[in-house]
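# Summary of the model geometry
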Amino acid sequence: VSQSRYAFLGTTSKGSAQVALANFGPDQKPVGIFMKTSGGEALKLGDFPVGQATGFMNLEPRQTEFIFEHPTLGKKSISVHPSNSPTCILYSTIRIMPPEKDKPAEPVLAPQKLLLGQPRAKGYRAINLCTNLIVFSVDGKKVQCKPGTNESDFIELSSSQRATIAREDGTDPITYSPEEPSPFVVFFYPTADKKFFGWTAQPEPAITK
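Residues numbered from 1 in each chain as written. Predicted model: local features only at pLDDT ≥ 70, side-chain atom pairs only at ≥ 80, totals over all residues. Heavy atoms only, no water.

This part is about the overall build of the chain. When helices and strands are counted, the chain shows 0 helices and 18 strands. Taken across its 209 residues, the chain has 45% of its residues classed as buried. Within the chain, contacts between residues at least 6 apart in sequence are counted, and of these 60% link residues at least 24 apart. When the accessible area of the chain is evaluated, it comes to approximately 11,000 Å², of which 51% is carbon and sulfur surface. (Helix = DSSP H or I, 4+ residues; strand = E, 2+ residues; numbered from the N terminus. Buried < 20%, exposed > 50% of the residue type's maximum accessible area, 1.4 Å probe, protein only. Contact = heavy atoms within 4.5 Å. Areas by Shrake-Rupley, 256 points an atom, 1.4 Å probe, with all protein chains shown as cover.)

Detailed reading of the predicted model is not advised wherever pLDDT is low. Across the chain, the average pLDDT comes to 81, with 80% of residues at or above 70. Counting contacts from residues 1-14, a segment whose pLDDT is below 50, to residues more than four positions away or on other chains yields 44 contacts. (pLDDT = per-residue confidence, 0-100.)

Inspection of every chain in the model, using the stated rule, returns 6 salt bridges. The closest approach of N and O atoms between Arg120 and Glu156, which form a salt bridge, is 3.3 Å. One end of the pair, Arg120, is in the loop between strand E10 (112-115) and strand E11 (124-128); the other, Glu156, is in strand E14 (residues 155-158), and 36 residues separate them in sequence. Taking relative accessible area as the criterion, Arg120 reaches 16% and is therefore assigned buried. On the basis of relative accessible area, Glu156 is assigned to the exposed category, the value being 54%. (Salt bridge = Lys/Arg side-chain N within 4 Å of Asp/Glu carboxyl O.)

The following block contains the structure:
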């Protein structure tokens, strides 16, 4: 899959929360991601360049804390509990805080949690994590994707097993044709140049029978 590397981080007991991790920050600096173990140790999962996402992993049935560390913006943490986040992706991004009295606007590291909803059998959908409308094509048909950061903001791209997704200028076409009808979600994320956007595709967790 273009612009995406997967690190499958293992599984635990059946029925626990499933989570994937990613760095969708708009700058080019890698973000370190850590997971707190049951013993309280911060286990480093790696330094994630922009656009990198892991495969989904199962978590133990307990609240689990993840720490995101930006090389210049410091650390921020976010937690997942299986009871209210059954399937989600945690990703780092950067937000510009509005100026305050005697303080200019400044960037801050802002980890986000995005719920994926119920597992699906097949098909492709997308979510736009940028601040502007994105236009692209799916199997030759023009599609518009509005900005969004919630489960309800996903747009359906294709219900077929095979799909070709390309920018409207014709560059970077990606064709998905998995051997199994696994569903995919496509993430569009901002880059340092506001005229452009990055994208990566993530295979969603399979339906558990």
